[in-house]
Amino acid sequence: MLALTGQRRSEVAGMRWNELDLDKGNWTIPARRTKNRRAHIVHLTPPMLSLLPRAEEDQPLVFATAQGKIYQYFSVAKKRLDTASGVTGWVLHDLRRTVATGMAGLGVAPHVADKILNHQSGTISGIAAIYQRHEFLPERTAASELWSQYVEASL
């Protein structure tokens, strides 16, 4: 989910079922859970949706541990990824750079990738960021679809 969405690991780990609108294919991360304290909409593509476990009625967290707590075993999972891939010397946060760089390679405009990553100051900064409030939701949706297709085709 990290490699497909480009979202921060704490945001993905804390994903709650009530943040998801599966009919619209959106995940709204509330402001209290984002680094910049702004609510953030993430378009969920079919490959992303396929990673969601089945909802459990009494479990508010999407990726809960067996004890119903927020997943925190990233270092263990990272070691498994290193072993399985044979690639070391990277951190999970590098997946956000991979998403941004990969999208750029696919022709996604930098300001759209910045919005997907929920960067507060990106390519649109300074005075322009004060006046420019458009969220680029259709462009973000198209970029997320393109990125998901690219990742899926690379597997």
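Look up: the structure comes first, before these words.
The rules behind these values
Residues numbered from 1 in each chain as written. Predicted model: local features only at pLDDT ≥ 70, side-chain atom pairs only at ≥ 80, totals over all residues. Heavy atoms only, no water. Pairing = 2+ DSSP bridges. Helix = DSSP H or I, 4+ residues; strand = E, 2+ residues; numbered from the N terminus. Contact = heavy atoms within 4.5 Å. Phe/Tyr/Trp six-rings, centres within 6.5 Å; stacked < 30°, edge-to-face > 60°. Buried < 20%, exposed > 50% of the residue type's maximum accessible area, 1.4 Å probe, protein only. Lys NZ or Arg CZ within 6 Å of the ring centre and 35° of its normal.

J.: Before we go on, may I ask you to explain the sheet that holds strand E3 (residues 40-43) in this structure?
T.: Within the open sheet, the three strands sit side by side as E1-E2-E3. Their pairing is antiparallel. Where the open sheet ends on each side, the last strands, each with one partner, are strand E1 (20-21) and E3. The pairing of E1 with strand E2 (residues 26-29) spans two bridges and is classified as antiparallel. By the bridge assignment for E2, leucine 20 is matched with tryptophan 27.

J.: Before we go on, may I ask you to explain the environment of glutamate 135 in this structure?
T.: You can see glutamate 135 is positioned in the loop between helix H7 (127-131) and helix H8 (137-154). Distance from glutamate 135 to threonine 83, taken between C-alpha atoms, is 39 Å for residues 52 residues apart in sequence. Setting aside its immediate chain neighbours within four residues, glutamate 135 contacts Lys115 and Arg140.

J.: What should I look at first to understand the packing of aromatic side chains in this one?
T.: A ring pair, where both rings are aromatic, is described by two values, the distance of the centres and the angle of the planes. Across all of its chains, the model carries three aromatic pairs by this definition. Taking the centre distance of 5.7 Å and the plane angle of 75 degrees together, the rings of tyrosine 71 and tyrosine 73 count as edge-to-face. Take tyrosine 71: its relative accessible area is 26%, and that puts it in the partly exposed class. With 5.1 Å between their ring centres and 90 degrees between their planes, tyrosine 71 and phenylalanine 74 make a pair best called edge-to-face. According to the relative accessible area criterion, phenylalanine 74 is buried, its value standing at 14%. Taken together, Tyr71, Tyr73 and Phe74 form an aromatic cluster joined through their ring pairs. When the ring centre of tryptophan 90 is taken as reference, the NZ or CZ atom of lysine 78 above it lies at 4.4 Å.

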